[in-house]
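Architecture and fold: a report
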Amino acid sequence: MKFYVDAMFGNLSRFLRVLGYDCLLRSNTQNTDDYFCKVIEENRIIITRSRVLYNQARKRDIKAIFINKEGIVNILCELKRKININLTCDPNNSRCSDCNGLLVKTDKNLIKKEVNSGTFEHFEEFWKCKSCGKIYWEGAHWADIRRKIKQVKECVGNEN
Ligand SMILES: [Zn+2]
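Residues numbered from 1 in each chain as written. Predicted model: local features only at pLDDT ≥ 70, side-chain atom pairs only at ≥ 80, totals over all residues.

Named according to an unreviewed UniProt entry, the protein is Mut7-C RNAse domain-containing protein originating from Candidatus Heimdallarchaeum aukensis.

1. Quick word on the pairing of strand β3 (residues 45-48)
As a reminder of what qualifies: Any two strands with at least two DSSP bridges between them are considered paired. Secondary structure is summarised from DSSP: a helix means a run of H or I of at least four residues, a strand means a run of E of at least two, and numbering begins at the N terminus for each. Orient the strands so they point away from the viewer, and a crossover whose first-strand-to-second-strand path over the helix runs clockwise is right-handed.
In the sheet, strand β1 (residues 2-5) pairs with β3 via three bridges, with the strands oriented parallel. Bridge pairing in β3 links Val5 to Ile47. In the sheet, β3 pairs with strand β4 (residues 64-66) via three bridges, with the strands oriented parallel. If you follow Ile46 over to β4, its bridge partner there is Ala64. For the crossover that starts at β3, traverses helix α3 (residues 51-59) and ends in the parallel β4, the hand is right-handed.

2. Description of the environment of Val5
This is how it is decided: Note on contacts: residues are paired as contacts if their backbone-placed C-beta atoms lie within 7 Å.
Looking at the secondary structure, you find Val5 in strand β1. Taking the C-alpha atoms as reference, Val5 lies 6.2 Å from Thr48; in sequence the two are 43 residues apart. Not counting residues within four places of it along the chain, the set of residues in contact with Val5 comprises Leu12, Ser13, Cys23, Leu25, Arg26 and Ile47.

3. Points about the nonpolar core
Here is the rule: Here, a nonpolar core denotes buried Ala, Val, Leu, Ile, Met, Phe, Trp, Tyr and Cys residues that are linked to one another through C-beta atoms within 7 Å. Residues with at least 20 neighbouring C-beta atoms inside 10 Å of their own are called buried, those with 12 or fewer are called exposed, and the rest are partly exposed, where every C-beta is derived from the backbone.
The biggest cluster of nonpolar side chains holds 22 residues, and the ones touching the most others in it are Val5 and Leu12. Listing elements by their share of this core, those giving two or more residues are β1, α1 (10-18), β2 (22-25), α2 (32-41), β3 and α4 (72-83). Each residue touching Leu12, except ones within four places of it in the same chain, is listed here: Val5, Ile47, Ile72 and Ile75. With six residues, the next largest nonpolar core counts Leu103, Phe126, Cys129 and Tyr136 among its residues.

4. Section: the UniProt feature "domain: Mut7-C RNAse" (unreviewed entry) in the protein
The condition is simple: UniProt positions are given in the numbering used here, feature names are shortened, and annotations may be inferred rather than shown by experiment.
Feature annotation in UniProt assigns "domain: Mut7-C RNAse" (unreviewed entry) to the following positions: residues 1-148. Within residues 1-148, the helical portion is 37% and the strand portion 17%, while the C-alpha atoms at the span's ends are 21 Å from each other.

The structure is reproduced here in structure tokens:
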């Protein structure tokens, strides 16, 4: 599954990328026809908060998901229910939350100059975005993501 999410879903696109999904974020200025063309061309699924956009997409037989929940945990629960998204959080299978590029594990000595010394000392594993070069490690940010994903699993699990 690949996604193309509405401009207001910046946070969701970051989470989907961390979960390993190829996810583009629609820009505020992209017109609907261009958006739909790209979605069809790349066989993506639209995620939107707009009922109007959702209906337009369905009319053209484009896969779309309408979300009216608030908060990332509730939104991910909804996606788990509707399309059974993967909830495994593994940096070896993640994408860059900034640019959607693929992450590759990198020898820590190669990125020594690119992270601060505390981070360098404290962590052994690092990943680098193939597209924008951003460096990732399982620090506080990752812990926060894992916590939220755990909440999603709990809330969905309780319904079964
Ligand atoms: Zn990147």
